[in-house]
Amino acid sequence: MKSVKILLNESDIPRQWYNLAADLPTPLLPPLGPDGKPVTPDMLAPVFPMNLIEQEVSASRWIDIPEEILDILYRWRPTPLRRAVYLERHLKTPARIYYKDESVSPPGSHKPNTSVAQAWYNKQFGIKRLTTETGAGQWGSALAFACKLLGLECKVFMVRISFDQKPFRKMMMGVWGANCVASPSSETNAGRKILKEMPDTPGSLGIAISEAIEAAVTDPSGKTRYSLGSVLNHVLLHQTIIGLEAKKQLKKAGEKLPDIVIGCAGGGSNFAGLSFPFVAEKINGADIKIIPVEPKACPTMTRGPFAYDFGDTACTTPLLAMHTLGHAFVPPPIHAGGLRYHGMAPLVCQAIVEGLLEPRAYHQLESYEAAVTWASTEGFIPAPETSQALAAVIDEAKKAKEEGKEKVILFNYSGHGLMDLVGYDAYLSGKLSDYEMPDADLEKYTGQLKNLPKAAMRKSGKW
Ligand SMILES: Cc1ncc(COP(=O)(O)O)c(C=O)c1O
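These numbers come from a predicted model, not from an experiment.

1. Structural notes on a negative patch on the surface
Among the surface-exposed residues, E366, E369, D395, D434 and E436 lie close enough to one another that they form a single negatively charged patch. With respect to the secondary-structure elements, E436 resides in the loop between helix 18 (421–428) and helix 19 (439–447).

2. Details of the environment of L432
Inspection of the secondary structure assignment puts L432 in the loop between helix 18 and helix 19. L432 gets classed as buried once you look at its relative accessible area, which sits at 13%. For L432, the residues in contact, after removing those within four places along its chain, are H335, Q364, L365, Y368, G423, A426 and Y427.

3. Focus on the site of the ligand
Near the ligand you find 18 residues, and of these S230, G266, G268, S269 and S414 are the closest. Between H110 and the ligand, the recorded distance is 2.9 Å, taken from a side-chain N or O atom to an oxygen atom. One of the backbone nitrogen or oxygen atoms of N270 is found 2.8 Å away from an oxygen atom of the ligand. For the ligand, the accessible surface in isolation is 390 Å², of which the surrounding protein chains cover 97%. Of all the secondary structure elements, the ones that give two or more residues to the shell around the ligand are helix 13 (269–283) and helix 17 (384–403). The residue makeup of the shell around the ligand, split by class, is four nonpolar, twelve polar and two charged.

4. Considerations on the packing of aromatic side chains
Taken as a whole and judged by the stated rule, the model has 13 aromatic pairs. Measuring from ring centre to ring centre gives 5.9 Å for W76 and F145, while their planes differ by 65°; the resulting arrangement is edge-to-face. Placement of W76 in the loop between helix 3 (67–73) and strand 4 (81–83) and of F145 in helix 6 (residues 138–150) is noted, with a sequence separation of 69 residues between them. With relative accessibility at 6%, the residue W76 sits in the buried group. Aromatic side chains W374 and Y413 sit 5.6 Å apart centroid to centroid with 25° between the ring planes, which places their arrangement in the stacked category. Of this pair, W374 sits in helix 16 (residues 364–377) while Y413 sits in strand 15 (residues 408–413), and the two are 39 residues apart along the sequence. W374 gets classed as buried once you look at its relative accessible area, which sits at 0%. You can call Y413 buried: its relative accessible area is 1%. Members of the aromatic cluster, connected to one another through ring pairs, are Y99, W374, F411 and Y413. Cation over ring: K155 sits above F157, and NZ or CZ is 5.6 Å from the ring centre.

Rules used in this analysis
- Residues numbered from 1 in each chain as written.
- Predicted model: local features only at pLDDT ≥ 70, side-chain atom pairs only at ≥ 80, totals over all residues.
- Heavy atoms only, no water.
- Patch = residues over 30% accessible without salt bridge, like charges linked within 9 Å, V, L, I, M, F, W, Y side chains within 5 Å.
- Areas by Shrake-Rupley, 256 points an atom, 1.4 Å probe, with all protein chains shown as cover.
- Salt bridge = Lys/Arg side-chain N within 4 Å of Asp/Glu carboxyl O.
- Lys, Arg positive; Asp, Glu negative; His and termini not counted.
- Charge placed at Lys NZ, Arg CZ, Asp CG, Glu CD.
- Helix = DSSP H or I, 4+ residues; strand = E, 2+ residues; numbered from the N terminus.
- Buried < 20%, exposed > 50% of the residue type's maximum accessible area, 1.4 Å probe, protein only.
- Contact = heavy atoms within 4.5 Å.
- Near = heavy atom within 4 Å.
- Polar contact = N/O pair within 3.5 Å; in protein donor to acceptor, adjacent residues only side chain to side chain.
- Nonpolar A, V, L, I, M, F, W, Y, C, P; charged D, E, K, R; others polar.
- Phe/Tyr/Trp six-rings, centres within 6.5 Å; stacked < 30°, edge-to-face > 60°.
- Lys NZ or Arg CZ within 6 Å of the ring centre and 35° of its normal.

This is how it looks when you write it as structure tokens:
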């Protein structure tokens, strides 16, 4: 039998995070303030602690992981690299398919790699309470878990549609002591305004972010900060432990570099976490196809322009240079709730602009079909977000079969779907449908970008 579980010891865990910003051939465009000028670290101080702001703007290639953070991560890290031999057999593909199993963390996804780090840095800075948004509930439960371990209070604004579709995530947050409310809520000015305009809105990550930031910056004690589960540089940084472990594990399995690297992308963090150490190899000359995958219902990278836009609906964040569908975009209620964000991590977007990545979009139904094929062969039930990546993995494995090539495919199994069974039930009973964003909607939502500063498409032309 081939080795299907490639494990590392605690002593093999990476001791530094990798920062792609140090190696991008063309530097990131800076975030801009309301006056159109680059924001300074001081301007971010009411929202984030200074130690995380330093990471956000850091140009260092490697950043040490504090021992106390590693001590928490050992609960589930290093995560297994598994080989999907049962799927390979089913597909009769010559491809060797490996996946980094991030579903083994206590909350069930990659998210605690950064929630633990963020809670730890906030605590070091003297913060007592964190606020956040959550889509599918994975991030909210990951932050609730981290806050519980570090003794911080946690407040979560959960996108209304997921709050209704995924009650178990809310209960998990409760077990870890967090307070979770549906967003838009009547607890903030941003929430009340939207509820007045659109009382039946399914909510969006953009709205929930506005609420969570407002709840943080209006705390008169000054001891509350906001925590974001994806998109920002420091969040992607914390996730690179995934790809750094995977590199060691592939070597242990006797492989060189992968031919193809795949991850689903909502705000970009699990994709970046796995892929950035391999993007570095590509920058240094390796031939690797690197594919971020998104839903056709929320086609940020594949159809959204690269532009300066706000990270939230109420326009309270700095302007970020990213692919975007417009900050007022309210995506349809697809089950991959964690992939319903209007924007995308600036680091991922600059790598797209450079031509280092090949984004791709799938429909909801083909993702569920891939998920059921996976569950029927490998056995595990994937999160709906992860299923988007699986659709691309299966396509690439079939392509390798057609071409008769022994490709090595590596992907991020970003989470399990055991709290997402309502979506599977809807799929199996034929109640789910596909949705493709109409051109008119794209024009309507991205039309708002015209009045914002333009983002220059700068690239080296090497890829
Ligand atoms: C299981 C899972 N995978 C992927 C994502 C997408 O987020 P990101 O792009 O930040 O990894 C989410 C977000 O909630 C998720 O829960």
